[in-house]
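Tertiary structure, described
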Amino acid sequence: MRSYISCLLMLLMFSFVSCNSIRTISFEQLYPAEVNFPEQVNKVAVINNAPPAAPRKKGQIALGEQEGDAKLMAEALAGALADSHYFDQVVICDSALYAGAPKKFSPHILSEGEIVELTEALDADVLLSVERVKLEMNEIEVSYPDMPVAFPVLEAKITPLLNIYIPSREKPIASVCYSDSLYWDIESTLSVDAIHQDIASLISLTLSQKLVPYWVQTDRIYFDGGSPEMRDAGVYVRENDWKAAKEIWEKVYESVKSKKQKMYASFNMALACEMEGDLTSAIQWLGKSRSYLTPDTELMQIMDFYEMQLERKEQIMSRLSLQMERFNHK
C-alpha cells in the first residue's frame with residue numbers, strides 16, 4: 001500500500017508546477033486488535049499446550065510437515081505482550097502441558113478444572129494457550145528479475161493456533177488461527193536454531209497485533225506552496241503545531257479566489273482535522289477539495305485513496321476506543 005501511494009506521489013510531482021510544493025509526513029498510528037479484552041483483564045498468562053516438536057538434529061533441516069517450537073513461540077509472545085504495556089502483568093508457563101505424540105495431533109482443550117487451577121497458580125485473569133505451531137518446510141526455487149537462473153530457497157508455511165481461556169468458561173472464549181510464510185536463502189550459514197527463532201519472532205509479532213493495539217507507521221501528503229501563507233503553514237506542520245497550520249489554511253481557503261489554491265487549502269484542512277482526531281470534519285473538508293478537481297486525474301486518485309484511509313480509520317476508531325478505555329483513552 002505504501003508503494004502505491006509513493007508511485008502516485010511521483011506522478012503528482014511531474015503533474016504540478018514547481019510553485020505548488022508537495023510534502024510528505026510520517027507518523028505512528030494506533031490500530032485496534034482483533035480481540036477485545038474487558039477492561040478488568042489486567043493479568044494474562046501465556047502457556048504452552050502444544051505437542052512437542054521432534055528433536056532437532058544438528059546441521060540438518062527437516063523438510064515436510066512437522067510441529068514447530070511452541071516453547072520458543074510462547075516465550076516470544078509473552079515478551080511481545082509485555083513490551084506492549086497493554087496489560088499490568090504478563091507471566092509465562094512455557095513447560096509443555098500437552099502429553100500426546102508430536103505426529104498424532106489432537107487438540108487438548110483444557111478442562112474447566114485445569115483452567116481454574118492454572119489461573120490461580122499463575123495469578124492470571126486470562127490464559128493465552130499456544131495449542132499448536134504447525135509447520136510445512138519445503139525447498140523451492142524462485143526467480144528474480146533480470147537473473148538468468150533460479151535460486152534455491154527454504155520455505156516455511158506456518159499455522160499457529162492460540163486459544164483464549166477464562167476461569168468462568170469451560171471452553172475457549174476465542175481462538176486465533178492464521179497462516180503465514182517465511183523464506184530463507186539456502187546457504188551454509190543457515191542454522192536450524194536460527195530458522196525456529198525467526199519463526200517464533202514472526203508469530204509473536206503477528207499474534208500480539210491480533211491481541212493488543214499496535215502502532216503502524218503512516219504516510220500522508222500536504223501542500224505548502226503557492227503563497228507565503230501556505231509556506232508558513234508548512235513550517236508549523238514540521239513543528240507539529242497543527243492548530244496554527246489549520247488557522248492559516250482556513251484563512252487561505254476563505255480568502256483566495258483560485259480554485260487550485262482552494263483545493264490545496266481544503267485538502268490540508270482535511271489532514272489537520274485528521275491529526276486532531278476529528279474524522280467527520282476531515283472527510284467533509286476532503287469532499288470540498290474534491291469539488292475543485294476534474295475526474296480521472298492523478299490527484300483525484302490521491303483523493304480517492306485518502307478518503308478510503310479516512311473511512312477505514314473512522315470504522316476502527318470505536319473498537320480502538322473500547323480497547324483503550326483502560327488507559328482513559330490516552
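Computed from a predicted structure; not experimentally measured.

As a further point, take the nonpolar core. If you look at the biggest cluster of nonpolar residues, it comprises 41 residues, and the most contacted ones within it are F37, L128, V130, W184, I199 and L211. Listing elements by their share of this core, those giving two or more residues are β2 (43–48), α2 (70–84), β5 (126–142), β6 (151–165), β8 (180–185) and α4 (192–211). Setting aside anything within four residues of it in sequence, one finds I199 in contact with L135, A156, I158, L182 and W184.

The next thing to look at is a negative patch on the surface. Where like charges cluster on the molecular surface, the negative patch consists of E239, D241, E247, E250 and E254. Summarising the element assignment, E250 is placed in helix α6 (residues 242–255). Classification of E250 as partly exposed rests on a relative accessible area of 35%.

A separate point is the side chain of T218. Note that T218 resides in strand β9 (residues 214–223). In this view, T218 contacts I25, S26, F27 and Q29; residues no more than four positions away in its chain are not counted.

The next point concerns empty space enclosed by the protein. All chains considered together, the criterion is met by two cavities of 30 Å³ or more. Taken as a whole, the second largest cavity spans an internal volume of roughly 40 Å³. Lining the second largest cavity, in full, are G68, D69, L72, M73, V133, L135, H196, I199, A200 and I203. Looking at the lining of the second largest cavity, the elements that each hand over two or more residues are α2, β5 and α4. Looking at which element gives the most residues to the lining of the second largest cavity, the answer is α4, with four residues. Grouping the amino acids of the lining of the second largest cavity by side-chain chemistry returns seven nonpolar, two polar and one charged.

Attention shifts here to the confidence of the model for the protein. Summary statistics for the protein give a mean pLDDT of 87 and a share of 90% for residues scoring 70 or more. For the protein, per-element mean pLDDT is lowest for helix α1 (residues 2–15), which scores 46, and highest for α6, which scores 96. Residue range residues 1–19 is modelled with pLDDT below 50. Its contacts to residues more than four positions away, or to other chains, number 27 contacts.

Right, let's talk about unusual backbone geometry for a bit. Phi is mostly negative for residues that are not glycine, and the peptide bonds are mostly trans. In this structure, H85 is a non-glycine residue whose phi angle is positive, near 60°. Here H85 is to be found in the loop between α2 and β4 (89–93). Look at H85 and you get exposed, because its relative accessible area is 61%. The phi torsion at D123 lies on the positive side, around 55°, for a residue other than glycine. Its location among the elements puts D123 in the loop between α3 (112–122) and β5. Take D123: its relative accessible area is 46%, and that puts it in the partly exposed class.

Along its 15 residues, α2 runs 21 Å from first to last C-alpha, staying within 8% of the 21 Å computed at 1.5 Å per residue. Among the residues making up α2, those that are buried are A70, L72, M73, A74, A76, L77, A78 and L81. Here the buried face of α2 lies against β2, β4, β5, β6 and α4. Two or three places before K71, at the opening of α2, D69 has a side-chain oxygen 3.2 Å from that residue's backbone nitrogen. Just past α2, the residue H85 takes up positive phi, approximately 60°.

Counted as a void, the largest pocket has a volume near 670 Å³. As for the largest pocket, its lining consists of 28 residues, and the residues nearest its centre are Q29, L30, W215, L320 and M324. For the lining of the largest pocket, the secondary-structure elements that each account for two or more residues are β1 (22–31), α2, α4, β9, α7 (259–275) and α9 (298–323). Class assignment for the residues of the lining of the largest pocket results in 15 nonpolar, eight polar and five charged. Of the voids in this model, the second largest pocket is the one considered here, and its volume is about 430 Å³. In terms of lining, the second largest pocket is formed by 21 residues, of which the most central are A53, A54, A62, Q66 and E67. Breaking the lining of the second largest pocket down by element, the ones donating at least two residues are β3 (64–67), β5 and α4. Classifying every residue of the lining of the second largest pocket by side-chain character gives nine nonpolar, four polar and eight charged.

What counts and what doesn't
- Residues numbered from 1 in each chain as written.
- Predicted model: local features only at pLDDT ≥ 70, side-chain atom pairs only at ≥ 80, totals over all residues.
- Heavy atoms only, no water.
- Core = buried A, V, L, I, M, F, W, Y, C linked by side-chain atoms within 4.5 Å.
- Buried < 20%, exposed > 50% of the residue type's maximum accessible area, 1.4 Å probe, protein only.
- Helix = DSSP H or I, 4+ residues; strand = E, 2+ residues; numbered from the N terminus.
- Contact = heavy atoms within 4.5 Å.
- Patch = residues over 30% accessible without salt bridge, like charges linked within 9 Å, V, L, I, M, F, W, Y side chains within 5 Å.
- Areas by Shrake-Rupley, 256 points an atom, 1.4 Å probe, with all protein chains shown as cover.
- Salt bridge = Lys/Arg side-chain N within 4 Å of Asp/Glu carboxyl O.
- Lys, Arg positive; Asp, Glu negative; His and termini not counted.
- Charge placed at Lys NZ, Arg CZ, Asp CG, Glu CD.
- 1 Å grid on protein atoms, 1.4 Å probe; cavity = no way out; pocket = protein on both sides within 12 Å on 5 of 7 lines; lining within 4 Å.
- Points joined across faces, edges and corners; volume = space filled by probe spheres on them.
- Nonpolar A, V, L, I, M, F, W, Y, C, P; charged D, E, K, R; others polar.
- pLDDT = per-residue confidence, 0-100.
- Expected span 1.5 Å × (residues − 1).
- Polar contact = N/O pair within 3.5 Å; in protein donor to acceptor, adjacent residues only side chain to side chain.

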